[in-house]
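Structural features, examined
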Amino acid sequence: MIRVGGDPSPQDVARRLREGMARGVLSFPLTAFHDDGSLDPDGLRAHVADRLASGPGALFPACGTGEFFSLDEEEYRTVVAITVEEAAGRVPVVAGTGYGWAQAARFARIAEEAGADALLALPHYLVDAPQDGLAAQLEHLAARTPLPIVAYQRGQVAYGTDTLRRIARIPNVIGVKDGHSDLDRLQRLTLAAPDGFLFFNGAATAEIQARAYATVGVPAYSSAVHAFAPEIAGAFFAALREGEEGTVDKLLRDFYVPFVELRDRAPGYAVSLVKAAARLRGQRVGPVRAPLTDPAPADLADLKALLTAGLDLVGASL
């Protein structure tokens, strides 16, 4: 896909992301599959269009919620291309990439060809690595793509302040998504970063910790709930932005905390429950792919009850 006017600079993409982060949640669309596990492009297109209608700050296709780990290269190309087509320049599209740097670079080339604006560099596969290696991983990837990169620290990836300074000097590394929720470390990183470097809260069910992240200068966050209940995600974002503490507390107490407790019942439910909830809303997203499994019947019943109650809180219905 050829962009009119050429490729935007990393600074331009960072500016667009910053503007988007100020006006809405960062949305991570689900990847739609047929019941037999094959990719469902039409279901994906409808799902992305629905997310866009709810005013996200940006779209992040083929990331963790989008089951990047389960996609082959042609499926990945289709997922990113459909998201770019539907977004039509209205919001930035940041595609996931990952594994080792060599494989990540292959996906990065596909994302560039499909028209993505930037990349989210997911944690590398399996091995622990020293800080020098974590920085080198990003340097290798950045040298092989013109796309701006947001680094995702989670799992075995956790940057120290010297490493943060090093990766921030890479011309096309524009920010960090944090999934560790270590606010002491995160505060040190934000203070070590250059002006304009992006940070956002990428914890699982990030709304739970949104107020805490904001206290260290990281108010922006990703929202898995936006994938199935943009009414709830939007109401929470608005209440948080306007300082409506009572509404924030009510949504946390009566929806988000019970959702997290349900999510914690089984490994992989951070994606499986989100996809099941989207199906309950009539979204054609299909099942998860192995090694994830769809929720057990009892958990699905509890999810339906919680989702119904959560939507009622914001004046919506299942």
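None of the values given here were measured: they were computed from a predicted structure.

**Description of the overall build of the chain**
Each helix and strand in the chain was counted, giving 12 helices and 8 strands. Compactness check: the chain gives a C-alpha radius of gyration of 18 Å against a globular reference of 20 Å for 318 residues, within 12% of the reference. Across its three principal directions, the C-alpha atoms of the chain cover 50 × 45 × 40 Å. Counting across all 318 residues of the chain, residues that qualify as buried make up 53%. Taking the intrachain contacts of the chain between residues at least 6 apart in sequence as the baseline, contacts between residues at least 24 apart amount to 73%.

**Section: the pattern of salt bridges**
Scanning the model with the defined rule gives 24 salt bridges in all. In this structure, R265 engages D299 in a salt bridge whose closest nitrogen and oxygen atoms are separated by 2.6 Å. Of this pair, R265 sits in the loop between α10 (245-263) and α11 (269-280) while D299 sits in helix α12 (residues 297-313); the two residues are 34 residues apart in sequence, bridging distant segments of the chain. Owing to a relative accessible area of 46%, R265 belongs among the partly exposed residues under this scheme. The buried category is assigned to D299, whose relative accessible area is 12%. Through salt bridges that share partners, R45, E85 and E86 make up one connected network.

**Section: the side chain of D299**
Reaching out from D299, the side chain makes a polar contact with the side chain of R265 at a distance of 2.6 Å. Those residues in contact with D299, other than ones at most four positions away along the chain, are L262, R265 and Y269.

**What about helix α9 (residues 230-242)?**
The end-to-end C-alpha distance of α9 is 18 Å, a good match for the 18 Å that 13 residues give at a rise of 1.5 Å each. Turning to α9, its buried residues number three or more, namely P230, I232, A233, F236, F237 and A239. Looking at the residues trailing α9, positive phi occurs at G243, about 70 degrees.

**Side note on the pairing of strand β6 (residues 173-178)**
Within β6, 6 of the 6 residues are buried, leaving the element largely enclosed by the surrounding structure. Pairing between strand β5 (residues 149-153) and β6: 5 bridges, direction parallel. Its bridge partner lying in β6, I149 is registered against V173. Where β6 lies against strand β7 (residues 198-201), 4 bridges are found, and the strand directions are parallel. The residue bridging D178 from the neighbouring strand is N201, located in β7. For the handedness criterion, the β-α-β arrangement of β6, helix α7 (residues 183-192) and β7 is classed as right-handed.

**Quick word on the packing of aromatic side chains**
Using the criterion set out here, one finds 14 aromatic pairs in the structure. Ring plane angle 15 degrees and centroid distance 5.8 Å describe the contact between F255 and F259, whose orientation is recorded as stacked. With F255 and F259 both in helix α10 and 4 residues apart, the pair spans about one turn of that helix. Each member of the pair F255 and F259 is classed as buried. Clustering of aromatic rings is evident, with ring pairs tying together Y221, F228, F236, F237, F255, Y256 and F259. Here the basic side chain of K177 rests over the ring of Y152, its NZ or CZ set 4.1 Å away from the ring centre.

Reading guide: rules and limits
- Here the residue numbers are simple positions, counted from 1 along each chain's written sequence.
- For a predicted model such as this one, the threshold for reporting local features is a pLDDT of at least 70, and the threshold for listing and counting side-chain atom pairs is 80 or more; totals across whole chains, interfaces and linings nevertheless cover every residue.
- Side-chain measures were taken over the full set of non-hydrogen atoms in the model, leaving aside hydrogen atoms and water.
- Secondary structure elements are defined from DSSP: runs of H or I of at least 4 residues count as helices, runs of E of at least 2 residues count as strands, and each element is numbered from the N terminus.
- Within these notes, the globule rule equals 2.2 Å times the number of residues to the 0.38 power, and the radius of gyration is based on C-alpha atoms.
- The rule is simple: take the accessible area with a 1.4 Å probe, protein chains only, and divide by the maximum for that residue type; under 20% is buried, over 50% is exposed, in between is partly exposed.
- Whether two residues are in contact is decided by their heavy atoms, any of which lying within 4.5 Å being enough.
- When a carboxyl oxygen of Asp or Glu is within 4 Å of a side-chain nitrogen of Lys or Arg, the pair counts as a salt bridge.
- For the purposes of these results, a polar contact is taken to be a pair of N or O atoms within 3.5 Å, where, inside protein, one atom must be able to donate a hydrogen and its partner to accept one; residues adjacent in sequence count only when each atom of the pair is a side-chain atom.
- Take the residue count of a helix, subtract one, and multiply by 1.5 Å to get its expected span.
- In this description, strands pair whenever DSSP reports at least two bridges between them.
- Looking down the strands as they point away from the viewer, one classifies a crossover as right-handed if the path from the first strand across the helix to the second runs clockwise.
- Here is the rule: rings of Phe, Tyr and Trp (six-membered ring for Trp) pair when centre to centre is within 6.5 Å. Planes less than 30 degrees apart are stacked, more than 60 are edge-to-face, and the remainder are tilted.
- Put simply, a charge is over a ring when the Lys NZ or the Arg CZ is close to the ring centre, within 6 Å, and near the line of the ring normal, within 35 degrees.

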